[in-house]
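Spelled out, the chains give:
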Amino acid sequence: MALTTPKSIRMSAQHDRVVTVDDTLRAATAHRLTAAGTALLWRGDYVNARQLLAALARRIPNSAYDTASSPAEIYARQRDDRARRALLLNRLLVELDADHALNLRRAPDVRAACRAAYGPPDGARLVPLRELLGVLGAFQWQLRGVEVPALGARIHPAYGVFSPVRGEYVDLVDSAPLPRSCRTAFDLGTGTGVLAAVLARRGVERVVATDVNPRALACARDNVRRLGFGERVVVQGPGLYPRGRADLVVCNPPWLPGRPSAGLELGVYDEDSVMLREFLAGLGERLRPGGEGWLVLSDLAELLGLRTRKELTGLFRRGGLRVVGRLDARPRHRRSRDRSDPLHAVRSAEVTSLWRLAIRE
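Parameters at a glance
Residues numbered from 1 in each chain as written. Predicted model: local features only at pLDDT ≥ 70, side-chain atom pairs only at ≥ 80, totals over all residues. Heavy atoms only, no water. Domains from an automatic or database assignment. Contact = heavy atoms within 4.5 Å. Buried area = accessible area lost by both parts, 1.4 Å probe. Polar contact = N/O pair within 3.5 Å; in protein donor to acceptor, adjacent residues only side chain to side chain. Helix = DSSP H or I, 4+ residues; strand = E, 2+ residues; numbered from the N terminus. Pairing = 2+ DSSP bridges. Axes fitted to C-alpha atoms, helices over the stretch in contact; angles between N-to-C directions. Buried < 20%, exposed > 50% of the residue type's maximum accessible area, 1.4 Å probe, protein only. Lys, Arg positive; Asp, Glu negative; His and termini not counted. Salt bridge = Lys/Arg side-chain N within 4 Å of Asp/Glu carboxyl O. Phe/Tyr/Trp six-rings, centres within 6.5 Å; stacked < 30°, edge-to-face > 60°. Lys NZ or Arg CZ within 6 Å of the ring centre and 35° of its normal. Core = buried A, V, L, I, M, F, W, Y, C linked by side-chain atoms within 4.5 Å. Expected span 1.5 Å × (residues − 1).

Turning our eyes to something else, we now look at the domain arrangement of the chain. Domains assigned within the chain are domain 1 (10–141) and domain 2 (147–359). Taking only C-alpha atoms, the centre of domain 1 and the centre of domain 2 are 32 Å apart. Contacts between the two partners involve 16 residues from domain 1, matched on the other side by 19 residues from domain 2. Carbon and sulfur atoms make up 58% of the area that domain 1 and domain 2 hide from each other, which totals about 1,300 Å². If you sort the residues of domain 1 by the area they bury against domain 2, Tyr75, Arg79 and Trp141 come out on top, with a joint share of 41%. Between domain 1 and domain 2 we count four residue pairs in polar contact (both at pLDDT 80 or more) in total. Those elements giving two or more residues to the side of domain 1 that touches domain 2 turn out to be helix H3 (71–89), helix H4 (111–118) and helix H5 (129–144).

Below, the structure is given as structure tokens:
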């Protein structure tokens with residue numbers, strides 16, 4: 001195996017040192033190099049590169065979760081493990097040429113998927129193979145879509161936009177009683193536009209859907225157009241609250257108060273609960289008389305010790321809000337049934353709630 005330094009190519013992630021490698025590279029050597037901070041630019045066979053990535057992943061040990069003293073500590077160790085794993089595995093790179101093509105033996109045509117994720121090509125770039133595999137997987141989700149029973153149709157999530165694979169929160173919005181004379185609604189943090197579409201299907205005449213993520217705005221517009229709600233659902237942004245007032249304001253913020261380590265985690269982590277706080281602080285000024293705000297939130301953060309119920313209800317009070325009802329749903333996702341997960345007890349006990357909030361008189 002010859003280690004050579006490649007020509008200068010724009011990279012999506014910077015590395016201190018990059019060397020060119022091929023099929024002669026052994027997994028043990030690759031592990032030693034990546035652990036020392038060296039990035040590996042793959043010039044061999046695509047299938048062999050995927051096998052090397054899997055071999056590297058098997059060589060990265062996890063923390064000792066059985067010595068943790070609490071679910072919060074297990075959770076913190078899992079996040080640290082994922083971050084360390086991503087750092088090491090992202091050091092196996094491939095080159096996309098000026099047309100987003102991947103010129104490796106047995107490589108698939110990745111150009112359409114890369115255009116969907118990265119936009120129009122603007123020169124050759126190096127990307128982690130692990131990231132590219134994520135781009136390819138996300139593109140398949142985008143093409144096939146995710147079946148949403150509440151809509152009787154599919155939602156097509158774009159790369160970097162949280163997919164509605166956990167259907168319990170969608171079912172809650174589909175089943176909760178609408179406020180009387182509910183003609184207008186805001187869907188804050190719309191993502192794929194799934195909740196805005198559910199509200200339109202339920203008969204709300206005008207829904208304004210917002211998001212801070214430009215990818216989400218484009219994705220939501222595409223989905224409401226596909227579903228035939230383009231005249232009833234208006235997608236605006238970037239931002240949280242639109243102008244005006246509504247009979248119903250719905251918000252499904254990221255459920256965990258933590259810092260996202262990558263753009264793909266923006267739908268999971270809400271650093272310092274900023275979105276949650278902004279929604280609750282501004283709700284009273286955006287509701288019409290008799291209107292309601294629906295907060296869709298899991299209690300996973302409470303079970304992990306990251307937020308207390310008292311803190312949550314305190315935010316309600318500070319926003320001048322009262323609880324007029326609550327609907328709960330148990331988890332149905334695969335991880336809630338995975339007994340090998342060190343956090344199985346927490347995940348299986350999780351409850352997702354739709355809090356019906358009104359202005360306190």
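Below, the discussion takes up the sheet that holds strand E13 (residues 321–329). Strand order in this open sheet of seven strands is E10-E9-E8-E11-E12-E14-E13, and the pairing throughout is mixed. Only two strands of the sheet have a single partner each, and these edge strands are strand E10 (233–236) and E13. Adjacent strand axes in the sheet meet at a mean angle of 20°, parallel and antiparallel pairs treated alike. Examined bridge by bridge, strand E8 (residues 184–188) and strand E9 (residues 206–210) share five bridges and lie parallel to one another. Within E9, the residue paired with Ala185 across the bridge is Val207. The sheet strands contacting helix H7 (residues 194–201) are E8, E9, E10, strand E11 (246–251) and strand E12 (287–298), and the helix crosses E9 at an angle near 175°.

We now examine the side chain of Asp270. With respect to the helices and strands, the residue Asp270 is situated in the loop between E11 and helix H9 (274–286). Buried charge without a partner: Asp270 forms no salt bridge, and the closest opposite charge is Arg307, 6.2 Å away. Only 3.0 Å separates the side chain of Asp270 from the backbone nitrogen of Met275, close enough to count as a polar contact. Filtering out sequence-adjacent residues up to four positions away, Asp270 remains in contact with Pro254, Leu256, Pro257, Gly258, Met275 and Leu276.

Within the element layout of this structure, Thr190 appears in the loop between E8 and H7. Side chain to side chain, Thr190 and Asp187 meet in a polar contact 2.7 Å long. If we skip the residues at most four places from it in the chain, Thr190 touches Ala196, Ala209, Thr210, Asp211 and Ala220.

This brings us to the packing of aromatic side chains. Taken as a whole and judged by the stated rule, the model has two aromatic pairs. Aromatic pair Tyr169 and Trp255: ring centres 6.4 Å apart, planes at 90°, arrangement edge-to-face. Here the residue Tyr169 occupies a position in helix H6 (residues 168–175), and Trp255 occupies one in the loop between E11 and H9, the gap between them amounting to 86 residues. As far as burial versus exposure is concerned, Tyr169 and Trp255 are alike and both buried. Ring geometry for Phe316 against Trp355: centres 5.3 Å apart, planes inclined by 65°, an arrangement best described as edge-to-face. Remark: Trp355 occurs in strand E14 (residues 352–359) and Phe316 occurs in helix H11 (residues 309–318); sequence separation between them is 39 residues. Trp355 shares its class with Phe316; the two are buried. One residue, Arg79, lies across the ring of Tyr269, its end atom 3.8 Å from the ring centre. Its end group placed over the ring of Trp141, Arg144 keeps NZ or CZ at 5.7 Å from the ring centre.

Further remarks concern the nonpolar core. It is characteristic of soluble globular proteins that their nonpolar side chains tend to be buried jointly. Core analysis: the biggest nonpolar cluster contains 56 residues, and Val173, Leu199, Val233, Val249, Phe279 and Leu295 have the highest contact counts within it. It is H7 that provides the largest number of residues to this core, a total of seven residues. Excluding its chain neighbours within four sequence positions, the residues that come into contact with Leu199 are Val173, Leu178, Ala185, Val204, Val207, Leu248, Val250 and Trp294.

Right, let's talk about H3 for a bit. Between its first and last C-alpha, H3 extends 27 Å over 19 residues, near the 27 Å set by a 1.5 Å rise per residue. Those residues of H3 that sit buried are Ile74, Tyr75, Gln78, Arg79, Asp81, Ala86, Leu88 and Leu89.

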